[in-house]
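Close look at the chain arrangement
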Amino acid sequence: MTQQTSPDISKLNTANNDDEIDLLALAKTLWDARKTIIKITALFMVIGLFVAILTPKEFTASSVMVPQTAGSKSGLGNLSGLAAMAGINLGGLSSGSDLSPKLYPQIVSSIPFQLELMNTKFKFEALPDSVTLYDYFTKHQKTSVIGAITKYTVGLPGVIMGAIKGEPKNEIHAAIPGAPVQMTQKQAAVKKKLSALIGVAVNDKDGYISLSGTMPEATAAANIAQTTQNLLQKYIIEFKIAKAQNTHDFVQGRYHEAREGYLNAQEKLASFRDRNKNVATAMAKTEEERLTGEFNLAYSVYSELAKQLEQVKLQLKEETPVFTIIEPVTVPTEKSKPKRPMIVMIWTFLGAVIGVGYVFGKDYLKNLKKEWNKES
């Protein structure tokens, strides 16, 4: 049998004593440097107080909506009997392409959506007339003290590069159909701001969409949230019924052409019969048969296209999504930012951490310097 060795109690006690000595040494170091830590913490607390006071107010308005689209089978199935009585066959209709709600945030952040939003006029309390968001952010919005400090400290390299490159000469580019979308630097900067101020969240579990807009003024925040909601609904409807709308436009164009042909054939046949009431020649009968055949063909085409047009109209109504507004946009009564107590607490905690780190870092560098000198 192998003999088990018992642990050395004296070594364990020595290790525990060393740990206690180290903890006591750390506590003594912090206590001796408490004035330095308090000064650094107080300095950061004062900085946090200034940041909390100088940070501009922001208001957030939100809404909740649910997109609803009736299924093509269930909706048209209820109308199939009535349509069959009118001679319309609804079996050949195909449902439109589904647009996942997960794509709604991408629609809001897309360039066409953002360009349309930034060119929409809004009313601001500080301005006498309504201005577009593009003009507001590029000409009228005042830079906060915090923003100016950040711009000329952290963002100083970007300011220098912008001064070297200079401002672009052409501020607004004309949209050419079929050409790539081209944005200016200012438009891209406004788009970046709008992306940060507008939020769209999709709840897959419950099936609703939350939309929010943030602005320095309460009324402006409600207006931008409402406008974004309306634009989003318009874009979703356009995407959803795009295929059915193209089919409708095509069939409607052919319907008008067939109607003109039908009316012309009817007029020619009636005019011929009026001119040849008492004529019984073979030539007249042949001409009448030819005009009657053209009239019947034109009527058949016109009648079929009329049925197809009604078909497509039903499909358009069926595929057009309806949005149920659960919580409408309201003007906020309380600011959403800044959370001044939270800002002061964060800066105070940061100051305490930096103060403790400065004390230990100072001692560590001092010991490192001694070791370096010994080695030298």
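In this text the structure is predicted, and so the values were computed from the model without any measurement.

Here's the deal with the overall build of the chain
- Across its full length, the chain carries 13 helices and six strands.
- Across the 376 residues of the chain, 26% fall into the buried class.
- Excluding contacts between residues fewer than 6 apart, the proportion of contacts in the chain whose partners are at least 24 apart in sequence is 78%.
- Accessible surface, the chain: about 25400 Å² in total, of which carbon and sulfur atoms supply 60%.

Describing the sheet that holds strand β5 (residues 208-215)
- Here four strands make up an open sheet; going across it, the order is β4-β5-β1-β6 and the pairing antiparallel. Of all the strands in the sheet, the pair left with one neighbour each is β4 (198-203) and β6 (322-327). Shown here is a sheet whose adjacent strand axes are inclined to one another by a mean of 25°, direction ignored.
- Pairing geometry for strand β1 (residues 59-68) and β6, over five bridges, is antiparallel. Bridged to V66 within β6 is T324.
- In the packing of helix α9 (residues 185-197) onto the sheet, contacts are made with β4 and β5, and the angle to β4 comes to roughly 45°.

What about the confidence of the model for the chain?
- The predicted model of the chain averages 77 in pLDDT, with 76% of residues at 70 or higher.
- Counted against residues more than four places away or in other chains, residues 1-7, with its pLDDT under 50, gives one contact.
- In this model residues 9-15 is a low-confidence stretch, pLDDT under 50, and it forms one contact with partners more than four residues away in sequence or in other chains.

Looking at the side chain of Q229
- Along the chain, Q229 falls in helix α10 (residues 218-240).
- Residue class for Q229 comes out buried when judged on its relative accessible area of 4%.
- The residues contacting Q229, other than those within four sequence positions of it, are S63, M65, L211, I325 and V329.

Observations concerning helix α6 (residues 133-140)
- The complete set of buried residues in α6 reads L133, Y134, Y136 and F137.
- Against the buried residues of α6 lie α5 (111-118), β2 (121-122), β3 (131-132), α9, β5 and α10.

A word on the environment of K123
- Along the chain, K123 falls in the loop between β2 and β3.
- Remark: the alpha-carbon pair of K123 and T219, spanning 96 residues in sequence, is separated by 8.3 Å.
- Contacts of K123, omitting those with residues within four sequence positions, involve P128, D129, S130, A220 and N223.
- At 2.7 Å, the side chain of K123 forms a polar contact with the backbone oxygen of L127.

Some remarks on the nonpolar core
- In terms of nonpolar packing, the biggest core is built from 38 residues, with F124, L133, M215 and L232 touching the most fellow members.
- With ten residues, the single largest contributor to this core is α10.
- One finds A258, L269, Y302 and V312 within the second-largest nonpolar core, a separate group that totals 15 residues.

So, the side chain of E217
- Note on placement: E217 falls in the loop between β5 and α10.
- K123 provides the closest opposite charge to the buried, salt-bridge-free E217, at an N-O distance of 7.3 Å.
- Apart from the residues within four sequence positions on either side, E217 is in contact with F59, F124, E125 and A126.

Notes on the pattern of salt bridges
- A full pass over the atoms with the stated rule returns seven salt bridges.
- Among the salt bridges present, the one from E116 reaches K234, with a minimum N-O distance of 2.8 Å. A residue pair is termed long-range when its members are at least 10 positions apart, and E116 in helix α5 and K234 in helix α10 qualify at 118 residues.
- Classification of E116 as partly exposed rests on a relative accessible area of 28%.
- Judged by its relative accessible area of 34%, K234 is partly exposed.
- The salt bridge partner of K313 is E310, with a shortest N-O separation of 3.9 Å. In this pair, K313 and E310 are both assigned in helix α12 (residues 282-319), three residues apart and thus about one turn of the helix distant.
- Judged by its relative accessible area of 34%, K313 is partly exposed.
- Residue E310 is classed as partly exposed on the basis of its relative accessible area of 38%.
- Residues joined in a network through salt bridges with shared partners are E287, R290 and E294.

About the cut-offs
- Residues numbered from 1 in each chain as written.
- Predicted model: local features only at pLDDT ≥ 70, side-chain atom pairs only at ≥ 80, totals over all residues.
- Heavy atoms only, no water.
- Helix = DSSP H or I, 4+ residues; strand = E, 2+ residues; numbered from the N terminus.
- Buried < 20%, exposed > 50% of the residue type's maximum accessible area, 1.4 Å probe, protein only.
- Contact = heavy atoms within 4.5 Å.
- Areas by Shrake-Rupley, 256 points an atom, 1.4 Å probe, with all protein chains shown as cover.
- Pairing = 2+ DSSP bridges.
- Axes fitted to C-alpha atoms, helices over the stretch in contact; angles between N-to-C directions.
- pLDDT = per-residue confidence, 0-100.
- Polar contact = N/O pair within 3.5 Å; in protein donor to acceptor, adjacent residues only side chain to side chain.
- Core = buried A, V, L, I, M, F, W, Y, C linked by side-chain atoms within 4.5 Å.
- Lys, Arg positive; Asp, Glu negative; His and termini not counted.
- Salt bridge = Lys/Arg side-chain N within 4 Å of Asp/Glu carboxyl O.

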